[in-house]
Amino acid sequence: MPHSCAAWSCTHRCTIQTRSQGITFHSFPKDNELRKQWEVALRREGFTASQSSRLCSEHFTQADFDRTGQTVRIRAGAIPSIFSFPASYALPPSPGDLRARLSEALARVESLEREKRNAKDRERRAKYTVCGLLEDLRGKNLINEELKERLDLYSVTGERVFVMMDACHMLKLARNMLQAYSPITSTTGHINWTYIVHLNDVQAEDGLHAANKRTAHLSWHCVLVNFLWLCIFITFIFVCIFVLICTNHSCLNPSLFSLIF
């Protein structure tokens, strides 16, 4: 049975007619890595070459052939590269193409983000211009009711607003977040809970009192011990009160009382 070309949509078969046209057929490489590259180049999902699988010479460039002997051979390391794939067929031919497409997509995202920031800047400048024109119109009493309704969206004072964060409270919130989700990965590296621990050590050495107290998170066992001591103390108080009440009302035998204590 004549071999058929394993490439997608290729109808060439190893016959006398194809050989007369100068078309040769070639087995897949025995080297596993090179064989895998050939299989990827075919873009056939789930395809694995067998010993009988062949590719015809139409899928190689002239530089891929070794014609020095009586038999036409494929040069070592050559990979088939000539195919007639439709635009939406399968995957890109190699990981390099995937990386190139990914880089192109990332560059497009960055470009869109820049355009978005620039559009916001232009919008902000346009609003400032409208606010300035609005003040001039108000000063000259040239605003009618219709224009007033249209400009209600821009009726702002134009004054700058300053927000002053409570540094201690912000540090406390950061501490709680780090304790719960550490480590946190940022664009510049990793942020670990150990940084808060080190900051607490520096505070203890220098006598500072910043809002980075860590005992509430790390020394929870101390809270449990204190709670147990409190329970014991309350129980002892109730026992003493009970004994005093019973003694005053002569409902407790004195000899039994002496045995208890």
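Notes on the structure follow. Each chain carries its own residue numbering, running from 1 in the direction its sequence is written. Local features are withheld for residues below a pLDDT of 70 in this predicted model, meaning they are given only at 70 or higher, and side-chain atom pairs are given and counted only at 80 or more; totals for whole chains, interfaces and linings count all residues. Just so you know, side-chain values use all the structure's heavy atoms and leave hydrogens and water out.

## Concerning the overall build of the protein
Strands here mean DSSP runs of E at least two residues long; helices mean DSSP runs of H or I at least four residues long; both are numbered from the N terminus. In terms of helices and strands, the protein carries nine helices and six strands. When each of the 261 residues of the protein is scored for burial, the buried share is 18%. Contacts are assigned to residue pairs with any non-hydrogen atoms lying within 4.5 Å of each other. Within the protein, counting contacts between residues at least 6 apart in sequence, those at least 24 apart form 47% of the total. Only protein chains enter the area calculation, which uses a 1.4 Å probe; residues under 20% of their type maximum are buried, those over 50% are exposed, and those in between are partly exposed.

## Looking at the packing of aromatic side chains
Note on ring pairs: Phe, Tyr and Trp rings are taken, using the six-membered ring of Trp, and paired if centres are within 6.5 Å. Classes follow the plane angle, with under 30 degrees stacked, over 60 edge-to-face and the rest tilted. Using the criterion set out here, one finds four aromatic pairs in the structure. The interplanar angle of 55° and the centroid separation of 5.3 Å between the aromatic rings of tryptophan 38 and phenylalanine 60 together place this pair among those described as tilted. Remark: phenylalanine 60 occurs in the loop between strand 2 (54-56) and strand 3 (65-66) and tryptophan 38 occurs in helix 2 (residues 32-42); sequence separation between them is 22 residues. Comparing tryptophan 38 with phenylalanine 60, the two get one shared label, buried. One aromatic cluster is present, built from ring pairs that chain together Phe28, Trp38, Phe47, Phe60 and Phe65.

## Here we look at the environment of phenylalanine 83
Of note, phenylalanine 83 is situated in the loop between strand 4 (73-74) and helix 3 (95-139). Linking phenylalanine 83 and arginine 43, residues 40 residues apart in sequence, is a C-alpha distance of 9.8 Å. Residues contacting phenylalanine 83, with those up to four places away along its chain left out, are Ala7, Ala41, Leu42 and His59.

## Re the nonpolar core
Remark: nonpolar core denotes a set of buried residues (Ala, Val, Leu, Ile, Met, Phe, Trp, Tyr, Cys) joined through side-chain atoms within 4.5 Å. Counting 18 residues, the largest nonpolar core has Cys5, Phe28, Trp38, Leu42 and Leu55 as the members making the most contacts within it. Sorting the residues of this core by element identifies helix 2 and strand 2 as the ones contributing at least two each. Counting residues per element, this core draws most heavily on helix 2, at three residues. Discounting chain neighbours no more than four positions away, the residues touching tryptophan 38 are Ser27, Phe28, Pro29, Leu55, Phe60, Ile74, Ala78, Ile79 and Pro80.

## Some words on the side chain of histidine 26
Relative to the helices and strands, histidine 26 resides in strand 1 (residues 25-27). Those residues in contact with histidine 26, other than ones at most four positions away along the chain, are Ser53, Arg54, Leu55, Ser57, Phe65, Val72, Arg73 and Ile74.

## Thoughts on helix 3
The span you would expect from a helix comes to 1.5 Å times its residue count less one. Taking 1.5 Å per residue, 45 residues should reach 66 Å; helix 3 reaches 66 Å between its end C-alpha atoms and fits that length. Regarding helix 3, the residues found buried are Ser111, Cys131 and Leu134. After helix 3 finishes, the residue asparagine 141 shows a positive phi value of roughly 55°.

## Things to note about helix 2
Along an α-helix, residues three or four apart share an orientation, since each turn contains 3.6 residues. Every buried residue of helix 2 is accounted for by Leu34, Arg35, Trp38, Glu39, Ala41 and Leu42. When helix 2 is viewed along its axis, its buried side chains cluster within an angular range of 160° and face the same direction. Helix 2 presents Asn32 and Glu33 as exposed residues on the side facing more than 90 degrees away from its buried surface. Residues of helix 2 that are buried sit in contact with strand 1, strand 2 and strand 4. Under this definition, polar contacts are N or O atom pairs within 3.5 Å; protein pairs additionally need one hydrogen-donor-capable and one acceptor-capable atom, and for neighbouring residues in sequence, both atoms have to be side-chain atoms. Looking at where helix 2 begins, the residue whose side-chain oxygen comes 3.3 Å from the main-chain nitrogen of glutamate 33 is aspartate 31. Positioned one or two residues after helix 2, arginine 43 has a phi angle of 60°, which is positive. The directions considered for the arc are those from the helix axis to the C-beta atoms.

## A short note on unusual backbone geometry
Positioned with a positive phi, serine 9 is a non-glycine residue whose angle comes to about 65°. For serine 9, the location among the structural elements is in the segment before helix 1 (16-20). With a phi close to 60°, arginine 43 is a non-glycine residue in the positive phi region. Residue placement: arginine 43 occurs in the loop between helix 2 and strand 2.

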